[in-house]
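Chain by chain, the residues:
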Amino acid sequence: AIHATLQQAHDFVRLNHTTQSIEDIIANFERELASHYLDDREHEIYLSRGIDALSKFLGARYDSFRATQRTELNGASQNFSIRAAHLPGSLAPADINDIHTTIRVTDYKTGKPSRDWRGKTEYERIKLHKYRQQLMFYQLLVEHSRDYSQYQFDGGVLQFVEPTASGQIIALEDSFGSDELEIFRALIAAVWHCISALTLPDISGYEPTLAGMQQFEADLIDKYS
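None of the values given here were measured: they were computed from a predicted structure.

Asks: Could you clarify how one ought to interpret the pairing of strand E7 (residues 171–174) in this entry?
Replies: Along any regular strand the residues' side chains alternate between the sheet's two faces. Because side chains alternate across E7, one face comprises the buried residues Leu172 and Asp174, and the other comprises Ala171 and Glu173, none of which is buried. In this sheet, E7 lies alongside strand E6 (residues 152–160) in antiparallel orientation, the contact comprising four bridges. Among the inter-strand pairings, valine 157 is bridged to a residue of E7, identified as glutamate 173.

Structure representation (structure tokens):
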């Protein structure tokens, strides 16, 4: 519901070259949340949590919304494909600079924010590993897109919507070298092969840790790339 609401807010700025009122954005969130199947207690909890998060986020970051940001770049229109994999994914809000031919992608996240990429617990380290992969995925989507393959990827931003306990709004940024991206391309190809062939690898021999996950990914690449 928050993602849909923020997309509508971005689209409003792009189409009208002015910001939508925060009251209207909150009303959009209320409508989005009402469209989900929640019992009364869940609805009350998430309504309160969402209004609080959006109010604080917009108070801190609304001035970063610009008319150059696009939200409708999707696989159907851009013919996203990497090696044999055909990708129906879509880009999060993308800040496009046509003068300097650069593109920067922001991925909104709800939930507890992380202050850095290291993570304090095994759960958080695994979560951040997946988040970095999402940002790499966005870079590859840009590089393999129909309209923006000639643009330089200017980094990915992981923007947490919900504040920390002290009220801070956190964003983590990253960029990726060619070697890391090539490994990730190979992982995408391996996963695509498993999906296409309905081959579901046995993961019982891997530890449920970041190291175990990374070993599983390496083994997939070795076997199917």
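Asks: Is there a simple way to explain unusual backbone geometry in this structure?
Replies: A negative phi angle characterises most non-glycine residues, just as the trans form characterises most peptide bonds. Even without being a glycine, threonine 101 presents a positive backbone phi close to 50 degrees. Of note, the phi angle at leucine 198 is positive, near 55 degrees, even though the residue is not glycine. Inspection of the secondary structure puts leucine 198 in the loop between helix H6 (178–196) and helix H7 (210–224).

Asks: Looking at this structure, I do not really get the nonpolar core. What am I missing?
Replies: Within soluble globular proteins, side chains that are nonpolar tend to cluster in buried spots. Ile103 and Val105 are the most contacted members of the largest nonpolar core, which has 33 residues in total. For this core, the secondary-structure elements that each account for two or more residues are strand E4 (94–97), strand E5 (102–109), helix H5 (122–143), E6, H6 and H7. If you tally residues by element for this core, the top one is H5, at eight residues. Apart from residues no more than four positions distant in its own chain, valine 105 is found in contact with Ala92, Pro93, Ala94, Tyr138, Val142, Phe153, Gly155, Gly156 and Val157. Grouped together as the second largest cluster of nonpolar side chains are 17 residues, Ile25, Ile26, Phe29 and Ala53 included.

Asks: Just checking my understanding: could you explain the sheet that holds strand E1 (residues 69–70) for this structure?
Replies: Strand-to-strand pairing in sheets goes through backbone hydrogen bonds, with the strands running parallel or antiparallel. Strand order in the open sheet formed by five strands is E1-E4-E5-E6-E7, with mixed pairing between adjacent strands. Where the open sheet ends on each side, the last strands, each with one partner, are E1 and E7. With two bridges connecting them, E1 and E4 associate as antiparallel partners. What sits directly across from glutamine 69, in E4, is aspartate 95. Taken strand by strand, helix H1 (residues 2–16) contacts E1 and E5, and its axis lies near 145 degrees from that of E5.

Asks: When you look at the packing of aromatic side chains in this model, what are you seeing that I'm missing?
Replies: Each aromatic ring pair is characterised by the separation of its centres together with the angle its planes make. All told, the structure shown has six aromatic pairs when counted by the stated rule. On the basis of an interplanar angle of 85 degrees and a centroid distance of 5.6 Å, the ring pair of phenylalanine 57 and tyrosine 108 is categorised as edge-to-face. One end of the pair, phenylalanine 57, is in helix H3 (residues 40–61); the other, tyrosine 108, is in strand E5, and 51 residues separate them in sequence. Each of the two residues, phenylalanine 57 as well as tyrosine 108, counts as buried.

Asks: Looking at this model, I keep getting lost on the side chain of lysine 109. Mind explaining?
Replies: Turning to its location among the elements, lysine 109 is positioned in strand E5. On the accessibility criterion, lysine 109 (11% relative accessible area) is buried. A polar contact of 3.4 Å, which involves the side chain of lysine 109, links it to the side chain of aspartate 107. A distance of 2.8 Å separates the side chain of lysine 109 from the side chain of glutamine 134, its partner in a polar contact. What lysine 109 contacts, discounting residues up to four positions off in sequence, is His3, Tyr131, Gln134, Leu158, Gln159, Phe160, Val161 and Glu162.

Asks: Explain the environment of tyrosine 151 here, please?
Replies: With respect to the helices and strands, tyrosine 151 occurs in the loop between H5 and E6. Relative accessible area serves as the criterion here: at 17%, tyrosine 151 is assigned to the buried category. Taking the C-alpha atoms as reference points, tyrosine 151 and histidine 100, 51 residues apart in sequence, are found 8.4 Å from one another. Sequence-distant contacts of tyrosine 151, defined by excluding residues within four places in its chain, comprise Ile96, Asn97, Asp98, Thr101, Thr102 and Ile103. A polar atom in the side chain of tyrosine 151 sits 2.5 Å from the side chain of aspartate 98.

Asks: What is the right way to look at a negative patch on the surface in this model?
Replies: Residues Asp39, Asp40, Glu42 and Glu44 make up a contiguous surface patch of negative charge. Tracing the chain through its elements places glutamate 44 in helix H3. Glutamate 44 sits in the exposed class, given a relative accessible area of 59%.

Asks: Explain H7 to me, please; I cannot follow it from the model alone.
Replies: Residues spaced three or four apart along an α-helix point in a common direction, a consequence of the helix completing one turn every 3.6 residues. In a regular helix each residue adds 1.5 Å, so 15 residues correspond to 21 Å; H7 covers 21 Å between its end C-alpha atoms and thus fits that length. Taken as a whole, H7 has its buried residues at Leu210, Gly212, Glu217, Leu220 and Ile221. Buried residues in H7 make contact with H5 and H6.

Calculation rules
- Residues numbered from 1 in each chain as written.
- Predicted model: local features only at pLDDT ≥ 70, side-chain atom pairs only at ≥ 80, totals over all residues.
- Heavy atoms only, no water.
- Buried < 20%, exposed > 50% of the residue type's maximum accessible area, 1.4 Å probe, protein only.
- Helix = DSSP H or I, 4+ residues; strand = E, 2+ residues; numbered from the N terminus.
- Pairing = 2+ DSSP bridges.
- Core = buried A, V, L, I, M, F, W, Y, C linked by side-chain atoms within 4.5 Å.
- Contact = heavy atoms within 4.5 Å.
- Axes fitted to C-alpha atoms, helices over the stretch in contact; angles between N-to-C directions.
- Phe/Tyr/Trp six-rings, centres within 6.5 Å; stacked < 30°, edge-to-face > 60°.
- Polar contact = N/O pair within 3.5 Å; in protein donor to acceptor, adjacent residues only side chain to side chain.
- Patch = residues over 30% accessible without salt bridge, like charges linked within 9 Å, V, L, I, M, F, W, Y side chains within 5 Å.
- Areas by Shrake-Rupley, 256 points an atom, 1.4 Å probe, with all protein chains shown as cover.
- Salt bridge = Lys/Arg side-chain N within 4 Å of Asp/Glu carboxyl O.
- Lys, Arg positive; Asp, Glu negative; His and termini not counted.
- Charge placed at Lys NZ, Arg CZ, Asp CG, Glu CD.
- Expected span 1.5 Å × (residues − 1).

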